[in-house]
Amino acid sequence: MKAAARLLIAAVLCLAPIATARAADSLEAPVKATYLYKFVPFVEWPAAAFTSPTQSVVLCVLVGDPFGAVLDQAVRGQKVGGRPISVRRLARTEKATGCHVLYLSAPRAPAAVDALQSAHGAPVLTVTDQASGAGGIVNFVLRENRVRFTIDPRAAAHNGLTISSKLLSLALNARGGG
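Residues numbered from 1 in each chain as written. Predicted model: local features only at pLDDT ≥ 70, side-chain atom pairs only at ≥ 80, totals over all residues. Heavy atoms only, no water.

1. Details of the nonpolar core
Here is the rule we go by: Residues grouped as a nonpolar core are buried Ala, Val, Leu, Ile, Met, Phe, Trp, Tyr and Cys residues, joined through side-chain atoms within 4.5 Å. The buried label goes to any residue with under 20% of its type's maximum accessible area, the exposed label to any with over 50%, and the partly exposed label to all in between, with areas taken from a 1.4 Å probe on protein chains only. Secondary structure elements follow DSSP: runs of H or I of four or more residues count as helices, runs of E of two or more count as strands, with numbering from the N terminus. Contacts are assigned to residue pairs that have any heavy atoms within 4.5 Å of one another.
Leu-36, Trp-45 and Leu-125 are the most contacted members of the largest nonpolar core, which totals 34 residues. Here this core takes five residues from helix H1 (residues 2–39), the largest share from any one element. Non-local contacts of Trp-45, meaning those with residues more than four positions away in its chain, are made with Val-40, Phe-50, His-100, Val-101, Pro-123, Val-124, Leu-125 and Leu-161. Of all hydrophobic cores here, the second largest spans 14 residues; its members include Val-58, Cys-60, Leu-104 and Leu-116.

As C-alpha cells, then:
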C-alpha cells in the first residue's frame with residue numbers, strides 16, 4: 001500500500017506543472033485580449049490619428065488570431081474618451097492602415113515584419129507576443145505563468161504616441177527611457 005501511495009503522489013507531483021501550464025494557457029488569450037483594450041486609455045494619439053471625435057479606436061489583429069470571440073466579447077460596449085472600440089482582423093496581405101492598436105502574435109512572420117515596418121512612424125500602438133527585439137512598442141511576455149509586458153517608450157514617441165507614466169510603471173521594464 002505504501003508503494004502505491006508513493007506512486008500516486010509522484011504521479012500527482014509530475015502532472016501538477018502540466019495542469020498549471022494548461023490553466024495558464026487557457027487564461028492567456030483572455031488576459032491579453034483584456035490588456036489590448038485596457039492599454040488604450042493610457043496612450044495619447046495625435047489628433048490626426050482620428051477623423052472625428054467619435055471615430056472608433058480600431059484594434060487590429062494580424063498573423064494568427066489567438067483570441068477568437070474572446071476579444072470581441074472583451075471590447076463589446078467599451079468606450080474610451082467617448083470613442084467605441086472596434087476589432088478588425090487583417091488578412092496576411094492586407095495593410096494595417098486605419099489601425100490604432102496592431103496586435104501581432106507572430107512578430108517575425110513575413111506579414112508581421114511588413115506590418116511593423118509600415119506602422120513605423122505611424123500613430124499605431126504595436127503589440128507583439130515576444131520581447132526579443134521584435135519591434136513592438138508593447139511586448140507581451142510570460143513570467144511565472146502570468147502575462148506581463150514591456151514597453152519601448154522611444155518607439156512610441158517615434159510613432160507620435162505618448163504612453164502614460166501609470167502604464168509605464170506597470171511594465172516589467174520600459175526600454176529606452178521616457
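2. Describing the environment of Asn-173
Tracing the backbone through its elements, the reader meets Asn-173 in the segment after helix H5 (165–170). Owing to a relative accessible area of 33%, Asn-173 belongs among the partly exposed residues under this scheme. Counting along the chain gives 22 residues from Asn-173 to Ile-151, while the straight-line C-alpha distance between them is 6.5 Å. Not counting residues within four places of it along the chain, the set of residues in contact with Asn-173 comprises Phe-149, Thr-150 and Ile-151.

3. What about the state of the cysteines?
So the rule is basically this: Two cysteine sulfur atoms form a disulfide, by the criterion used here, when they sit within 2.5 Å.
According to the stated counting rule, one finds one disulfide in the structure shown. Across a sulfur-sulfur distance of 2.0 Å, Cys-60 and Cys-99 are joined as a disulfide pair. Of note, the bridge from Cys-60 to Cys-99 carries an S-S torsion of about -95° and is left-handed in sense. Of this pair, Cys-60 sits in strand E2 (residues 57–62) while Cys-99 sits in the loop between strand E4 (83–89) and strand E5 (101–104), and the two are 39 residues apart along the sequence. Accessibility expressed as a relative area gives 5% for Cys-99, which makes it buried.

4. Structural notes on unusual backbone geometry
The phi angle of most residues is negative, glycine excepted, and most peptide bonds adopt the trans form. The backbone phi angle of Glu-144 is positive, close to 50°, even though this residue is not glycine. Relative to the helices and strands, Glu-144 is located in the loop between strand E7 (138–143) and strand E8 (146–151). Phi at Asn-145 is positive, roughly 60°, even though this residue is not glycine. Looking at where Asn-145 falls in the secondary structure, it is placed in the loop between E7 and E8.

5. A short note on the confidence of the model for the protein chain
One rule of thumb: low pLDDT means the predicted coordinates there are not for detailed reading. Formally: pLDDT is a per-residue confidence score from the predictor, ranging from 0 to 100.
Per-chain confidence: the protein chain averages 80 in pLDDT, with 77% of residues scoring 70 or above. Across residues 1–24 the pLDDT falls below 50, and counting only partners more than four positions away or on other chains, this stretch makes two contacts in the model.

6. Points about the pattern of salt bridges
Keep this limit in mind: Salt bridges, as used here, are contacts in which a Lys or Arg side-chain nitrogen is within 4 Å of a carboxyl oxygen on Asp or Glu.
Tallying each qualifying case throughout the model produces four salt bridges. For Asp-65, the salt bridge goes to Arg-89, with nearest N and O atoms at 2.3 Å. Of this pair, Asp-65 sits in the loop between E2 and helix H2 (69–75) while Arg-89 sits in strand E4, placing them 24 residues apart in sequence. The exposure class assigned to Arg-89 is partly exposed, which follows from its relative accessible area of 33%. Members of the salt-bridge network, linked through shared partners, are Glu-28, Lys-32 and Asp-129.

7. Let's talk about the environment of Ser-165
Here Ser-165 lies in helix H5. Sequence separation between Ser-165 and Phe-42 is 123 residues; the distance between their C-alpha atoms is 8.3 Å.

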